[in-house]
Amino acid sequence: MKNKGKLLFLILLACGVIYLLMVKLPCSRLECLLIKDGNQYKIKTVYEENNYVFRALYTKENSFLKAEMRTNSTLEEANSAVQTQIARTKGLFEEASAPYPGELSNIISCGNEYKPVYSSRQQNGIQVSYFEGYVNDRLVFGSCVDDQAAYHDTLTMFYCPKQKKFYQVEIIIPRKEFLKYPEENESILASLGCKN
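Read on for an overview of the structure. If you're wondering where the values come from, they're calculated on a predicted model, not measured in any experiment.

**A word on the state of the cysteines**
Phase 1: Evaluated as defined, the whole model comprises 2 disulfides.
Phase 2: The disulfide partner of Cys 110 is Cys 144, and the gap between their sulfur atoms is 2.0 Å. Disulfide Cys 110-Cys 144: the torsion about the S-S bond is -115°, which places it as left-handed. Of this pair, Cys 110 sits in the loop between strand S6 (107–108) and strand S7 (117–123) while Cys 144 sits in the loop between strand S8 (126–135) and strand S9 (151–160); the two residues are 34 residues apart in sequence, bridging distant segments of the chain.
Phase 3: Taking the relative accessible area as the measure of exposure, Cys 110 reaches 7% and is therefore buried.
Phase 4: Put simply, Cys 160 and Cys 194 are joined by a disulfide, and their sulfur atoms are 1.9 Å apart. Because the sign of the S-S torsion sets the handedness, a value of about -85° for the bond joining Cys 160 and Cys 194 places this disulfide among the left-handed ones. Separated by 34 residues along the polypeptide, Cys 160 in strand S9 and Cys 194 in strand S11 (residues 193–194) bring together distant segments of the chain.
Phase 5: Since its relative accessible area comes to 13%, Cys 194 is described here as buried.

What follows is the structure in structure tokens.
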């Protein structure tokens, strides 16, 4: 009788494992994305992780990947988040009156070569909106001189409708490497998509 009980338990366990393998479990973190060499990025810092938001910094050699994933998002919420990020990023680089105008300048401005450029394109079945520009060694936009523009950053934003997740992914490459091999950044950007 004991052997029949063990056999029944093993059969039920095997059925449970088969069921889990056949039913798609929800993905998490970078596992949800199509991205070139995604398995080579290692988590450096997790900034936030709960049922709604995952934000982290990944590293791969000299490069970084900043990722934010918002679960249970709608297309409308994703579009609103994209518009907010566009306004925020463009606002950083608008000319402003100098707080202490003097002989050198009455305005604070940043040269066009340092201002992030906004683009949008359809790829891999999704709409990707993105900025390309330079960030400082703290990995934030706002660098307006060569010695502060340490990295090239491609800040991407997109929505995965089947997953109901909104993503903001930043591809951050040392400036010297980007200038030498810009096609590497483009190949990572072009690989971005949603796993089904």
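**Some remarks on the packing of aromatic side chains**
Phase 1: This model, assessed by the stated rule, comprises 3 aromatic pairs.
Phase 2: Where Tyr 118 meets Phe 131, the ring centres are 5.2 Å apart and the plane angle is 55°; that geometry is what we call tilted. Linking Tyr 118 in strand S7 with Phe 131 in strand S8, this pair joins segments that are 13 residues apart in sequence.
Phase 3: Classification of Phe 131 by relative accessible area gives buried; the value is 1%.
Phase 4: Summarising the aromatic geometry, the rings of Phe 158 and Tyr 167 are spaced 5.4 Å apart at their centres and angled 25° between planes, so their arrangement reads as stacked. For the pair formed by Phe 158 and Tyr 167, the shared burial category is buried.

Reading the values: rules and limits
Residues numbered from 1 in each chain as written. Predicted model: local features only at pLDDT ≥ 70, side-chain atom pairs only at ≥ 80, totals over all residues. Heavy atoms only, no water. Disulfide = S-S within 2.5 Å. Helix = DSSP H or I, 4+ residues; strand = E, 2+ residues; numbered from the N terminus. Buried < 20%, exposed > 50% of the residue type's maximum accessible area, 1.4 Å probe, protein only. Phe/Tyr/Trp six-rings, centres within 6.5 Å; stacked < 30°, edge-to-face > 60°.

Taken by themselves, the reported measurements are silent on function.
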